[in-house]
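Okay, here's what each chain looks like letter by letter:
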Amino acid sequence: MFLSDGSRVEMAHGTRVLPDVRVFRATDTAVTLSLALDDIEMNPGDEVTVRWPAGLRGRYALRGTVAATDENRVHVRFAGQPEIEQLRDYVRGGGGETVQLVIPGAPERYGRVHDISERSVRAFFNGVGFEPGQDTRLRVQLAGDGVVDFPARVLRAATIRQQVPVRGPLLTEVVAIFEQDERQARIIRRYVMRLQLEARRQARSDDSPEPAPTARIIALR
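Residues numbered from 1 in each chain as written. Predicted model: local features only at pLDDT ≥ 70, side-chain atom pairs only at ≥ 80, totals over all residues. Heavy atoms only, no water.

J.: Which residues make up the pairing of strand β11 (residues 135-142), and what values do they have?
T.: Here β11 shows one buried face, formed by T136, L138, V140 and L142, and one open face, formed by D135, R137, R139 and Q141. Note that strand β8 (residues 98-102) and β11 share four bridges and pair antiparallel. Paired with L101 across the bridge in β11 is L138. (Buried < 20%, exposed > 50% of the residue type's maximum accessible area, 1.4 Å probe, protein only. Helix = DSSP H or I, 4+ residues; strand = E, 2+ residues; numbered from the N terminus. Pairing = 2+ DSSP bridges.)

J.: Before we move on, can you summarise the side chain of E97 with the specific residues and values?
T.: Tracing the sequence through the fold places E97 in the loop between β7 (83-85) and β8. For E97, which is buried and forms no salt bridge, the nearest opposite charge comes from R112, at a distance of 7.6 Å. At a separation of 2.9 Å, a polar atom in the side chain of E97 contacts the main-chain amide nitrogen of G95. Residues contacting E97, with those up to four places away along its chain left out, are G111, R112, V113, V140, Q141, Y191 and L195. (Lys, Arg positive; Asp, Glu negative; His and termini not counted. Salt bridge = Lys/Arg side-chain N within 4 Å of Asp/Glu carboxyl O. Polar contact = N/O pair within 3.5 Å; in protein donor to acceptor, adjacent residues only side chain to side chain. Contact = heavy atoms within 4.5 Å.)

J.: Could you give an account of the pairing of strand β4 (residues 47-53), naming the residues involved and the relevant values?
T.: Counting buried positions over the seven residues of β4 gives five, a clear majority of the element. Examined bridge by bridge, strand β1 (residues 8-13) and β4 share three bridges and lie antiparallel to one another. In the sheet register, E10 faces β4, and the bridge partner there is R51. Summarising the sheet, β4 and strand β5 (residues 59-70) pair through seven bridges and their orientation is antiparallel. In the sheet register, E47 faces β5, and the bridge partner there is T65.

J.: Lay out the nonpolar core with the relevant residues and their values.
T.: One finds L138 and I188 to be the most contacted residues of the largest nonpolar core, which totals 24 residues. Put simply, the parts of the chain that give this core at least two residues each are β8, β9 (109-116), β10 (120-126), β11, β12 (146-161), β13 (170-177) and α1 (182-206). Sequence-distant contacts of L138, that is, excluding residues within four places in its chain, are made with V99, Q100, L101, V121, V148, D149, F150, A152 and A176. Ranked by size, the runner-up nonpolar core spans 22 residues in total, among them V9, M11, M42 and V48. (Core = buried A, V, L, I, M, F, W, Y, C linked by side-chain atoms within 4.5 Å.)

J.: Lay out the confidence of the model for the protein in plain terms, naming residues and giving numbers.
T.: For the protein, mean pLDDT is 80; residues scoring 70 or higher make up 84% of the total. Across the protein, element-level confidence peaks in strand β6 (residues 73-78) with a mean pLDDT of 95 and bottoms out in helix α2 (residues 213-220) with 30. Confidence drops under pLDDT 50 across residues 212-221; counting only partners more than four residues distant or on other chains, this segment forms two contacts. (pLDDT = per-residue confidence, 0-100.)

So, in structure tokens, the structure goes:
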């Protein structure tokens, strides 16, 4: 659950959000972060929030205070324990679907859905150019259930650099929220529930007894 040396986090300082910040050293009560020199625009006593993934549950958020800065290092002392931040007003599912995002006055952008619900979608797009509060239009292709198309607003945008399998281009994780008409809400709800049922069937199949070695060899040929 807690931070580890060498991991990557997001740090919020006032209205600034710094993604892909490297953890130099972490303990239960403090963390030392390594930042670019241009990003060291904080002073002892400033309040910051450090966030990192919490798997399917969302992400951890831990608030603290800047204790000191030293060249490209920021030392933060924590106050309290990590809390889970999540958008779980509705059941979420999916992943991998093509999403088109249109911002007025900007070219159309295409990305991949991480998960979707009746009220929000989280997706990854190449490059930058997304800001919280932007009004957009989303079009999502749901396999077997057609296309949903609706106005939305960017709630959060965090830029990271692809690291796996190799260091690659910048990606922006965008969380957009929307109010849905009942027809499209029903399409998304049905789609998510179908994926959940398929996942449960797969899990039960994976728990079945392992076949004999001879059967495995025949199956692989």
